[in-house]
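Structural overview for review
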Amino acid sequence: QVQLVESGGGLVQAGGSLRLSCAASGRLFSGMGMGWFRQAPGKERECVAAISGSGGNYWYADSLKGRFTISRDNARNTVYLQMSSLEPEDTAVYYCAGTRVGSGTGRAGLYDYWGQGTQVTVSS
């Protein structure tokens, strides 16, 4: 069993930056693909970024235009999402998720473990 706990959300002005962290329990972390998803009110959950277990392969949503960076530290069982040039449209609950697909994937249905989410609010 893997438990995921996100942190780092909050309120930020447009143009600002935030870094989200997701701490994982258990010994499976380094073999798991990890992803960051977000869900805004009235919208479907979408994947914003994913990373392979080794950290060598990445996937990003095209809509982000290079503003977000996913990374991981397997020694610390932690995955990060660095968000910059934030826009009000980035306001959402952000979720960390883990999948046994070691290469990582943007498909939510392939994720086995989910965190509780952290709120990110970007003011204009």
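Please refer to the structure placed before this passage.
Not measured: the values here are computed from a predicted model.

Taking strand neighbours across the sheet as the criterion, the four strands line up as 1-3-8-7 in an open arrangement whose pairing is antiparallel. Looking along the sheet, the strands with just one partner apiece sit at the ends: strand 1 (4-7) and strand 7 (68-73). Averaged over all pairs of adjacent strands, the angle between their axes in this sheet comes to 15°, without regard to strand direction. Alignment of strand 7 against strand 8 (residues 78-83), held across six bridges, turns out to be antiparallel. Its bridge partner lying in strand 8, Ile70 is registered against Leu81.

Moving on, we come to the environment of Ala24. In this fold, Ala24 is placed in strand 3 (residues 18-24). Residue classification places Ala24 among the buried residues on the basis of a relative accessible area of 11%.

It is worth spelling out the nonpolar core at this point. Met34, Trp36, Val79, Leu81, Met83 and Tyr94 are the most contacted members of the largest nonpolar core, which totals 29 residues. For this core, the elements supplying multiple residues, two or more each, are strand 3, strand 4 (33-39), strand 5 (46-51), strand 7, strand 8, strand 9 (92-99) and strand 11 (118-123). Examining the composition of this core, we find that four residues originate from one element, strand 3, more than from any other. Residues within four places of Tyr94 in sequence aside, it is in contact with Glu6, Leu20, Trp36, Phe37, Arg38, Phe68, Leu81, Met83, Gly117, Thr118 and Val120. Formed by six residues, the second largest nonpolar core is a distinct cluster that contains Phe37, Cys47, Ala50 and Ala97.

What the rule picks out here adds up to one disulfide. Through a disulfide, Cys22 is tied to Cys96; the S-S separation comes to 2.1 Å. Taking the torsion about the sulfur-sulfur bond, which here is approximately -75°, the covalent link between Cys22 and Cys96 counts as left-handed. One end of the pair, Cys22, is in strand 3; the other, Cys96, is in strand 9, with 74 residues separating them in the sequence. Grouping residues by exposure puts Cys22 and Cys96 together as buried. Counting only cysteine sulfurs, Cys96 is the nearest neighbor of Cys47, a cysteine outside any disulfide, at a range of 11 Å. Residue classification places Cys47 among the buried residues on the basis of a relative accessible area of 8%.

Here we come to the pattern of salt bridges. In this structure the tally under the stated criterion is six salt bridges. Across the salt bridge formed by Glu46 and Arg38, the nearest N and O atoms sit 2.7 Å from each other. Between Glu87 and Arg67 there is a salt bridge, and its shortest N-O distance comes to 3.8 Å. Of this pair, Glu87 sits in the loop between strand 8 and strand 9 while Arg67 sits in the loop between strand 6 (58-60) and strand 7; the two residues are 20 residues apart in sequence, bridging distant segments of the chain. Through salt bridges with shared partners, a single ionic network connects Arg38, Glu46, Arg67, Glu87 and Asp90.

About the cut-offs
Residues numbered from 1 in each chain as written. Predicted model: local features only at pLDDT ≥ 70, side-chain atom pairs only at ≥ 80, totals over all residues. Heavy atoms only, no water. Pairing = 2+ DSSP bridges. Helix = DSSP H or I, 4+ residues; strand = E, 2+ residues; numbered from the N terminus. Axes fitted to C-alpha atoms, helices over the stretch in contact; angles between N-to-C directions. Buried < 20%, exposed > 50% of the residue type's maximum accessible area, 1.4 Å probe, protein only. Core = buried A, V, L, I, M, F, W, Y, C linked by side-chain atoms within 4.5 Å. Contact = heavy atoms within 4.5 Å. Disulfide = S-S within 2.5 Å. Salt bridge = Lys/Arg side-chain N within 4 Å of Asp/Glu carboxyl O.

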